[in-house]
Structure formats: structure tokens, C-alpha cells
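Residue-level structure breakdown
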Amino acid sequence: MFKSILLPSKSNIIIWLTSVYLLLLLYLGKISGLTVLFIYFIETIIIGLFNIVKMFIILKFGEKEKNNKFILRYGIILFFIFHYGLFVGVQSVFGFVLFEIEGSISIGEPFHLFENYISLLSFEGIQYALPVIFLIT
Amino acid sequence: MSWFVTGFLKEKRFDYYTAKEILFKPYLRIFIQQFVVIISVLIMLISKQAILVGVVLILIRLFLDLTLEAIKLNSKLLDYIAEKMTNEKATKEEVKKKLILFTE
């Protein structure tokens, strides 16, 4: 069973390569352990954005959504943005408090979400690591 | 992105689901992910070994992604898990559909 999960194959090769790439960046000192932590933290937003796009495509082109009325169809995206936005907002505040306590990055006020995410995006090595997270999300 | 292009768009997976089914899909994965992130910060605070935490995070994530990929492929693993989870409330096929949706 584990063999079928773990062995590299055509379908999971991108996952393997991404992990090897991140480990290599860590080994070479291009990123730190905290960078890895930050990219997985930021991935929450990327997953949400992809979900919005998927929902839009399903509503626009999907077989199962052909007969719904316009407002019923696209209202669900607005609901998701609101609900997921709240979810991400709350967990971000919690995450920023933890990062502040850890001390490697200056966060300041945990409720200033936009500024804090900008700080994370300018963290050492994030430019090398974040694109691959886009790839496997 | 890779699965979005090769699976969702190319295989027209958008025909199999309703928007409502996709709506809550990210939450479980995000919950697991955030849990791992929080635990990692706590380990980092205690051990001060950031690089070790980075390696552990990458390895946990690798295993999680490989497992999800194996389920996604309608594999033996999917069959095995669905068999274990089947009960009087949900048939094997229903469990399978939910698992595949989770990996979408």
C-alpha cells in the first residue's frame, strides 16, 4: 500500500520534485525553516483563490449547474469569499501573534493583515519558494 | 496549479461537481495545514532549530500530498479507505465520491 503511495510516478513526480527543490534550497541556505513555514501559511490564500476560480468554472461550464438561476449560481461565490475571508482573517491573526512571539520577523500589530502579509512576502528566500507552492496547489 | 490544469480543466472534472460541493472543500485541508504550522512554530520556539522544522514540514507535506494524489487517481488506496469507512449511513460509492472531492 505504502509503495503505491510513495513511489515516484508520472502522476506524482511534480510533488516529489517540488519537495526535493525545497529541501535543496534549505540545504543551500537560500531559504530558512521559517520561509517554509511562511509559504505554507500563505498557501491558504492561494487555495482559496483557486477554489473561487473552480467554482466560477463549474457555474459557467459545468453540466450540473446548467439550470440554476443567475443569482443562485454566483451568490455562492460571494458567500465563499465572505466565509473563507473570515476564516483566513481569524487564523492569520492567530498565526501573526505566533510569528511575533517567535521573533524572527517583525510583525507589530497582528490585526494589520495586509501589512503583515506584505512583510511575509518580502521575507528572505520567499521568491524562490512561493512559485513552487503555486505549482502544487 | 498542475492538477487544476491537468485534471480539473483537461479531464473536465468541472462536469462532475456542483459549486455547493466544492464550497467547503478547502476547509479540512487548510485545518490540517494550519494545525501543522502552529505545531511547527511551537517546536521552533522550544527547540530553536528552524532548519529541522523546515525539513519536517516539507516531509509531512510531501507525504500528505502523495497520499491525496494516490486517492485522486481512483486507486487501490481509495478503494481500501472507502471500504474501511463504509457504514450504514454511507455506501462505499458515496464515501469514494466524498474522498475524491476532498482531493480535488
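Heads up: these notes are all about the structure in this document. In this text the structure is predicted, and so the values were computed from the model without any measurement.

Looking now at the interface of chain A and chain B. Tallying the contact residues gives 51 residues for chain A and 50 residues for chain B. For the chain A face of the interface with chain B, the top three residues by lost area are Tyr40(A), Lys54(A) and Lys64(A), together amounting to 13%. Taken together, the links from chain A to chain B amount to one salt bridge. Where Arg61(B) meets Glu43(A), a salt bridge forms, and the shortest distance between an N and an O atom there is 2.5 Å. In this structure, the connection of chain A to chain B is made through five residue pairs in polar contact (both at pLDDT 80 or more). Counting residues per element, the ones that place at least two in the side of chain A that touches chain B are helix H1 (2-6), helix H2 (13-28), helix H3 (33-61), helix H4 (70-102) and helix H6 (126-136) of chain A. Here the element with the most residues in the side of chain A that touches chain B is H3(A); it accounts for 18 residues. Among the residues making up the side of chain A that touches chain B, the classes are represented as 35 nonpolar, 10 polar and six charged.

Residues and elements named next belong to chain A. Checked against the element boundaries, Ser92 lands in helix H4. Reaching out from Ser92, the side chain makes a polar contact with the backbone oxygen of Val88 at a distance of 2.6 Å. Residues in contact with Ser92, not counting those within four places in the same chain, are Phe41, Leu113 and Tyr117.

Criteria and thresholds
- Residues numbered from 1 in each chain as written.
- Chains lettered and ligands numbered in written order.
- Predicted model: local features only at pLDDT ≥ 70, side-chain atom pairs only at ≥ 80, totals over all residues.
- Heavy atoms only, no water.
- Contact = heavy atoms within 4.5 Å.
- Buried area = accessible area lost by both parts, 1.4 Å probe.
- Salt bridge = Lys/Arg side-chain N within 4 Å of Asp/Glu carboxyl O.
- Polar contact = N/O pair within 3.5 Å; in protein donor to acceptor, adjacent residues only side chain to side chain.
- Helix = DSSP H or I, 4+ residues; strand = E, 2+ residues; numbered from the N terminus.
- Nonpolar A, V, L, I, M, F, W, Y, C, P; charged D, E, K, R; others polar.

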